[in-house]
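Commentary on secondary and tertiary structure
What follows is the residue order along each chain.
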Amino acid sequence: MRKYIAIIIASLALFTGQAHAQRCLPKMQGIEVRANLADGFKPGSNDGGYSFGAALSTYTKKGNKWMFGGEYLLKNNPYKDTAIPVAQFTAEGGYYFKILSDARKIVFVYAGASALAGYESVNWGEKVLHDGSTLHDRDAFVYGGALTLDVEFYVADRIALLANLRERCLWGGDTRKFHTQFGLGIKFVIN
């Protein structure tokens, strides 16, 4: 009799509806790694920019999330036949609101705001350029914020592909205040 009950339970477990993974539960955390292009991308020119970043995201009620991380942004400013590098090292903390998701919880769209603080280096601290010109821009601590539109697409229960569009605004430095970024990333859910 036990044998028949075990077979019935096993067949019910195998042939009933599929269980779907639960995503974006409160206190669930994920590690994100991102690569972005900054202020457009012009291959072969001296006016390129890119950024790399990593962050820890923690979900709250209703699928919203807190984000804490760091980012490195390098923007080349053209000067004659060369480029002057401007590097920013920033820490970020922000809150993202879920504005859209599908019923199966595969695609999520977030809008968020973040506070940024860090350090900006112009030409890696060297004031004199190769032609003898002197830079008046200086290295400085920078602060500001970012507005972000973020999309998560789950390809597995614990892996999501990311796409984002963001506008950063940083004060305190001598260079451009606004930077538009767009890029891709990957997220690994850790618990």
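To keep things clear, this report deals only with the structure shown in the data block. Computed from a predicted structure; not experimentally measured. (Residues numbered from 1 in each chain as written. Predicted model: local features only at pLDDT ≥ 70, side-chain atom pairs only at ≥ 80, totals over all residues. Heavy atoms only, no water.)

1. Some details on the nonpolar core
By size, the foremost hydrophobic cluster in this structure holds 11 residues: Cys24, Met28, Ala55, Tyr59, Met67, Tyr96, Phe108, Tyr110, Tyr154, Ala160 and Val189. For this core, the secondary structure elements donating two or more residues are strand S2 (49–59) and strand S5 (107–122). Other than its neighbours up to four places away in sequence, methionine 67 contacts Glu32, Arg34, Ala55, Leu56, Ser57, Glu92, Gly93, Gly94 and Tyr96. Membership of the second largest hydrophobic core comes to 5 residues, among which are Val86, Val122, Leu129 and Leu135. (Core = buried A, V, L, I, M, F, W, Y, C linked by side-chain atoms within 4.5 Å. Buried < 20%, exposed > 50% of the residue type's maximum accessible area, 1.4 Å probe, protein only. Helix = DSSP H or I, 4+ residues; strand = E, 2+ residues; numbered from the N terminus. Contact = heavy atoms within 4.5 Å.)

2. Thoughts on the sheet that holds strand S4 (residues 82–101)
Pairing within the closed barrel is antiparallel, and its 8 strands lie in the order S1-S2-S3-S4-S5-S6-S7-S8. The sheet shows a mean angle of 25° between the axes of neighbouring strands, direction not considered. Relative to strand S6 (residues 140–156), S5 runs antiparallel, the two sharing 14 bridges. By the bridge assignment for S6, alanine 115 is matched with glycine 145. (Pairing = 2+ DSSP bridges. Axes fitted to C-alpha atoms, helices over the stretch in contact; angles between N-to-C directions.)

3. Quick word on the packing of aromatic side chains
Scanning the entire structure with this criterion turns up 9 aromatic pairs. Taking 5.1 Å as the distance between ring centres and 70° as the angle between the ring planes, the aromatic pair formed by tyrosine 119 and phenylalanine 141 counts as edge-to-face. With tyrosine 119 in strand S5 and phenylalanine 141 in strand S6, this residue pair connects regions lying 22 residues apart in the sequence. A ring pair is formed by tyrosine 143 and tryptophan 171, whose centres lie 6.4 Å apart and whose planes are at 40°; its orientation type is tilted. Residue tyrosine 143 is located in strand S6, and its partner tryptophan 171 is located in strand S7 (residues 159–171); the two are separated by 28 residues in the primary sequence. Put simply, the rings of Trp66, Phe68, Tyr95 and Phe97 touch in pairs and so form one group of aromatic residues. (Phe/Tyr/Trp six-rings, centres within 6.5 Å; stacked < 30°, edge-to-face > 60°.)

4. Remarks on the pairing of S7
Pairing of S6 with S7, which is carried by 13 bridges, proceeds in the antiparallel orientation. Residue pairing across strands places threonine 148 opposite arginine 166, the latter belonging to S7. Joining the antiparallel neighbours S6 and S7 is a turn of 2 residues. One ladder, built from 11 bridges, connects S7 with strand S8 (residues 178–189); its direction is antiparallel. Within S8, the position partnered with arginine 168 by the bridge is histidine 179. Once S7 ends, the chain turns through 6 residues before running back antiparallel as S8, passing glycine 172 with a positive phi of about 105°.

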